[in-house]
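# Examining the three-dimensional arrangement
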Amino acid sequence: MSIFDRYLLVLFLKIFMICFISFTGLYFVIHIFTNLDELSSITTTSGQGMGQLLIGFYGPAILELFDKMAGILVLISAIFAVTWIQRKRELLAIEAAGITKARVVRPIIIAAVVILVISVANREFAIPHFKHQLGRSIQDWTAQGSVSFSSYRDSASGMMIR
């Protein structure tokens, strides 16, 4: 791995982490302020502190958010990293040295595949482990409420639809 490969990989991962932390923080702030009354009532009835409650509720939600956002964040990070090196004229110097664009973006492609494999592993192994915590909401904290649904049969296809 050359110095430029490491430089581009670190740039890509830095952008990915900044975007992930920013979007996750924005989601948490909006969600917390939207449900502030429910959160304060849960802390008084359950005897938990606000910090413990937030970690218990939003900790597993980070895994779900990573699963939902990984694909688009990889795309945003790759575009931003390539645009960054092009804007700083680093890509021009590399192409003048005879290195192709495909060789330049190889570390980004490898990192993107690794992140997407981590996302698949997260979806298959980590999220099912926290399914009970992810299934509850602030309004139904104990997850004791019943969820009603109705099903019907589609006459055209004969399929049962819920």
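The structure we're discussing is the one just above.
Structural notes, computed from the coordinates. (Residues numbered from 1 in each chain as written. Predicted model: local features only at pLDDT ≥ 70, side-chain atom pairs only at ≥ 80, totals over all residues. Heavy atoms only, no water.)

A count of helices and strands for the chain gives seven helices and two strands. Relative to a compact globule of 162 residues, whose C-alpha radius of gyration would be 15 Å, the chain shows 22 Å and is clearly more extended. Along the first, second and third principal axes, the C-alpha atoms of the chain reach 65 × 50 × 25 Å. Taken across its 162 residues, the chain has 28% of its residues classed as buried. At a minimum sequence separation of 6, the contacts of the chain that also span at least 24 residues come to 75%. For the chain, the accessible area works out to roughly 10800 Å², and carbon and sulfur atoms hold 66% of it. If the 14 positive side-chain charges of the chain are averaged to one point and the 10 negative ones to another, these points end up 10 Å apart. (Helix = DSSP H or I, 4+ residues; strand = E, 2+ residues; numbered from the N terminus. Rg over C-alpha atoms; globule rule 2.2 N^0.38 Å. Buried < 20%, exposed > 50% of the residue type's maximum accessible area, 1.4 Å probe, protein only. Contact = heavy atoms within 4.5 Å. Areas by Shrake-Rupley, 256 points an atom, 1.4 Å probe, with all protein chains shown as cover. Lys, Arg positive; Asp, Glu negative; His and termini not counted. Charge placed at Lys NZ, Arg CZ, Asp CG, Glu CD.)

Right, let's get into helix 1 (residues 3-34). With 32 residues, helix 1 should reach 46 Å at 1.5 Å per residue; the first-to-last C-alpha distance of 46 Å fits that figure. Every buried residue belonging to helix 1 is among Asp5, Leu8, Leu11, Phe12, Ile15, Phe16, Cys19, Phe20, Thr24, Phe28 and His31, and all of these are buried. Close packing links the buried residues of helix 1 with helix 3 (50-87), helix 5 (101-104) and helix 6 (106-129). (Expected span 1.5 Å × (residues − 1).)

Right, let's get into the nonpolar core. Ranked by internal contacts, the top residues of the largest apolar core, which has 31 residues, are Leu8, Phe12 and Ala81. When contributions to this core are tallied by element, the ones reaching two or more residues are helix 1, helix 2 (36-46), helix 3, helix 4 (90-96) and helix 6. Top contributing element to this core by residue count: helix 3, with 13 residues. Discounting residues that sit within four places of it in the chain, leucine 8 has contacts with Ala81, Ile85, Val104, Pro107 and Ile108. (Core = buried A, V, L, I, M, F, W, Y, C linked by side-chain atoms within 4.5 Å.)

Right, let's talk about unusual backbone geometry for a bit. Excluding glycine, residues mostly have negative phi values, and the peptide bonds linking residues are mostly trans. Positive phi outside glycine occurs at arginine 89, with the angle close to 65 degrees. In this fold, arginine 89 is placed in the loop between helix 3 and helix 4.

This part is about the pattern of salt bridges. Where charged atoms from two side chains of opposite charge approach closely, those side chains can pair. Tallying each qualifying case throughout the model produces four salt bridges. Lysine 68 is the partner of glutamate 64 in a salt bridge, and the nearest nitrogen-oxygen pair spans 3.6 Å. Note that glutamate 64 and lysine 68 are positioned in helix 3 at a spacing of four residues, about one turn of the helix. For glutamate 64, a relative accessible area of 29% corresponds to the partly exposed category. (Salt bridge = Lys/Arg side-chain N within 4 Å of Asp/Glu carboxyl O.)

For the rest of this paragraph, the subject is the layout of surface pockets. In this model, the largest pocket occupies a volume close to 250 Å³. Taken together, 16 residues make up the lining of the largest pocket; nearest its centre are Leu9, Leu13, Ile110, Ala111 and Val114. Put simply, the parts of the chain that give the lining of the largest pocket at least two residues each are helix 1 and helix 6. Among the elements that make up the lining of the largest pocket, the one with the highest residue count is helix 6 (seven residues). Of the residues contributing to the lining of the largest pocket, the split by class is 13 nonpolar, no polar and three charged. When its volume is computed, the second largest pocket comes out at roughly 170 Å³. Residue lining of the second largest pocket: Tyr27, His31, Phe57, Tyr58, Ala61, Glu64, Leu65, Lys68, Gln133, Leu134 and Arg136, and that is the complete set. Counting residues per element, the ones that place at least two in the lining of the second largest pocket are helix 1, helix 3 and helix 7 (131-135). For the lining of the second largest pocket, the element with the most residues is helix 3, which contributes six residues. Its residues assigned to classes, the lining of the second largest pocket comprises six nonpolar, two polar and three charged. (1 Å grid on protein atoms, 1.4 Å probe; cavity = no way out; pocket = protein on both sides within 12 Å on 5 of 7 lines; lining within 4 Å. Points joined across faces, edges and corners; volume = space filled by probe spheres on them. Nonpolar A, V, L, I, M, F, W, Y, C, P; charged D, E, K, R; others polar.)

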